[in-house]
Amino acid sequence: MKIKTTILSIAALLLFSLAGCQKYDDPAPYKLVEMNSNMTIMEFKALHTTGPLIIQRDDIVLGGKVISTDKYGNFYRSFYIQDESGGIEIKIGTTGLYNTYNIGQWVYIKPYDLCLGNYYGMLSIGYRSLNPRYETAYIDVPGIINETIFRGQQSTPVLPVAIFTAYDITTAHYGTLVTIKNAAYMGGSYYLNQVTVAPWDKWAKKPDMISEDDVISEDMDYAYGEQRFQMDDGTTVVVRTSGYSRFADLTVPFQIGEKADLTGILTRYNNVPQLILNTDTDVVPAL
């Protein structure tokens with residue numbers, strides 16, 4: 001009986017070893033698509049009038065180059081694309097996007113059955129949100145992502161448009177890559193759960209920097225930084241930075257009144273221009 005058991009054990013071990021040595025084929029590499037857009041981003045954004053819009057046209061194809069990266073943690077589960085007319089946020093719902101959607105890479109969107117929604121003046125593409133505060137939610141189903149978002153060829157990065165005053169900003173600039181030129185640093189604060197604390201001279205406030213004096217909730221353990229820069233005409237631009245960005249705990253390298261050139265994605269919160277940096281090295285002393 002012991003001999004039979006031993007033989008069976010050896011046979012099972014050999015089968016297990018053979019299974020462990022079985023070679024599986026590597027997955028086929030992703031084939032970059034060759035597509036043509038048939039609607040500009042600004043034409044698409046003009047479809048939005050009031051409230052969230054579920055796209056029911058199956059013939060729309062949008063195309064644009066990637067202009068944002070989540071490599072440095074300041075963008076989360078979304079990226080921006082830009083064509084010759086304007087730019088828009090794609091709320092794709094996954095992380096590590098810089099490994100898949102590179103700056104300068106063409107991306108095409110077939111937005112059928114997706115939602116075009118507004119958040120305080122900024123439009124984005126995503127799912128229809130169930131949260132009444134938002135009109136769009138993240139597209140977090142891989143099958144839907146594969147059917148609606150397509151990677152094209154790598155190309156040269158988009159060059160930022162120079163912005164000197166508020167008069168240089170048009171509706172088409174929101175959601176695109178710009179450089180705010182010759183802007184004076186005016187100081188900053190951090191914003192946590194509808195409480196603004198100033199002064200604050202770092203880009204943001206990481207979770208390990210939250211103190212017992214901060215008002216926090218269960219779903220927020222970091223604070224956005226809001227650093228203010230003033231353009232030549234006196235208009236204030238808020239540089240809004242996530243507490244999860246890799247540079248959140250770095251001190252803003254400017255004294256009050258010193259001039260800087262800042263490159264990032266231009267957004268707005270109602271009528272207040274906001275800039276989102278890809279990384280802190282996109283802020284340099286003004287020439």
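A brief structural summary. (Residues numbered from 1 in each chain as written. Predicted model: local features only at pLDDT ≥ 70, side-chain atom pairs only at ≥ 80, totals over all residues. Heavy atoms only, no water.)

**Section: unusual backbone geometry**
Alright, step 1. At the junction of Ala198 and Pro199, the peptide bond is cis and its omega measures out at -5° in the coordinates.
Alright, step 2. Locating Pro199 in the fold gives a position in the loop between β12 (195-197) and β13 (224-230).
Alright, step 3. Of note, Tyr120 is a non-glycine position whose phi angle comes to about 50°, a positive value.
Alright, step 4. With respect to the helices and strands, the residue Tyr120 is situated in the loop between β6 (115-119) and β7 (122-128). (Helix = DSSP H or I, 4+ residues; strand = E, 2+ residues; numbered from the N terminus.)

**Quick word on the pairing of strand β11 (residues 177-192)**
Put simply, side chains in a regular strand alternate between the two faces of the sheet.
Alright, step 1. Within β11, 12 of the 16 residues are buried, which leaves it mostly tucked inside the rest of the structure.
Alright, step 2. Both β11 and strand β15 (residues 259-269) contribute to a ladder of six bridges, which runs antiparallel. Its bridge partner lying in β15, Ala183 is registered against Ala260.
Alright, step 3. One ladder, built from three bridges, connects β11 with β12; its direction is antiparallel. Bridge pairing in β12 links Tyr190 to Val197.
Alright, step 4. Where β11 folds back on β12, the antiparallel hairpin that results is connected by two residues, among which Asn193 adopts a positive phi of roughly 50°. (Buried < 20%, exposed > 50% of the residue type's maximum accessible area, 1.4 Å probe, protein only. Pairing = 2+ DSSP bridges.)

**Brief notes about the pairing of β7**
Alright, step 1. Extensive coverage of β7 is indicated by the burial of five of its seven residues.
Alright, step 2. Examined bridge by bridge, strand β4 (residues 87-90) and β7 share two bridges and lie parallel to one another. When the sheet's bridge partners are listed, Glu89 is paired in β7 with Ser124.
Alright, step 3. The pairing of β6 with β7 spans five bridges and is antiparallel. From the neighbouring strand, Tyr119 faces β7, where its bridge partner is Met122.
Alright, step 4. With two bridges connecting them, β7 and strand β8 (residues 136-137) associate as antiparallel partners. Bridge pairing links Tyr127 to Ala137 in β8.

**What about the packing of aromatic side chains?**
Alright, step 1. Across all of its chains, the model carries 11 aromatic pairs by this definition.
Alright, step 2. Relative to Tyr80, the ring of Phe75 lies with its centre 6.0 Å away and its plane at 70°, an arrangement referred to as edge-to-face.
Alright, step 3. Take Phe75: its relative accessible area is 5%, and that puts it in the buried class.
Alright, step 4. Under the relative-accessibility criterion, Tyr80 is labelled buried at 5%.
Alright, step 5. Ring centres 5.0 Å apart and planes at 75° place the aromatic pair Tyr190 and Trp200 in the edge-to-face group. Taken together, the residues Tyr190 in strand β11 and Trp200 in the loop between β12 and β13 connect sequence positions 10 residues apart.
Alright, step 6. Site record: aromatic cluster; members linked through ring pairs are Tyr119, Tyr120, Tyr134 and Tyr269.
Alright, step 7. Directly above the aromatic system of Tyr138 lies the positively charged group of Lys91, at a separation of 5.0 Å from the ring centroid.
Alright, step 8. In this arrangement the basic side chain of Lys202 is found over the ring face of Trp200, its NZ or CZ atom lying 5.9 Å from the centre. (Phe/Tyr/Trp six-rings, centres within 6.5 Å; stacked < 30°, edge-to-face > 60°. Lys NZ or Arg CZ within 6 Å of the ring centre and 35° of its normal.)

**A look at the pattern of salt bridges**
Alright, step 1. Applying the stated criterion across every chain, the model contains five salt bridges.
Alright, step 2. A salt bridge links Asp59 to Arg57; its shortest N-O distance comes to 3.1 Å.
Alright, step 3. Residue Arg57 is classed as partly exposed on the basis of its relative accessible area of 42%.
Alright, step 4. A salt bridge links Lys202 to Asp201; the nearest nitrogen and oxygen atoms lie 3.9 Å apart.
Alright, step 5. Judged by relative accessible area, which is 40%, Asp201 ranks as partly exposed. (Salt bridge = Lys/Arg side-chain N within 4 Å of Asp/Glu carboxyl O.)

**Quick word on the nonpolar core**
Alright, step 1. If you look at the biggest cluster of nonpolar residues, it comprises 29 residues, and the most contacted ones within it are Ile180, Trp203, Phe229, Leu262 and Leu275.
Alright, step 2. Those elements giving two or more residues to this core turn out to be β11, β14 (236-241), β15 and β16 (272-276).
Alright, step 3. With five residues, the single largest contributor to this core is β11.
Alright, step 4. Setting aside residues no more than four positions away along its own chain, Phe229 makes contact with Ala183, Ala184, Tyr185, Met186, Trp203, Thr235, Thr236, Val237, Val239, Val252, Ala260 and Leu262.
Alright, step 5. In this structure, Ile88, Tyr101, Ile109 and Ile139 belong to the second largest nonpolar core, which totals 23 residues. (Core = buried A, V, L, I, M, F, W, Y, C linked by side-chain atoms within 4.5 Å. Contact = heavy atoms within 4.5 Å.)

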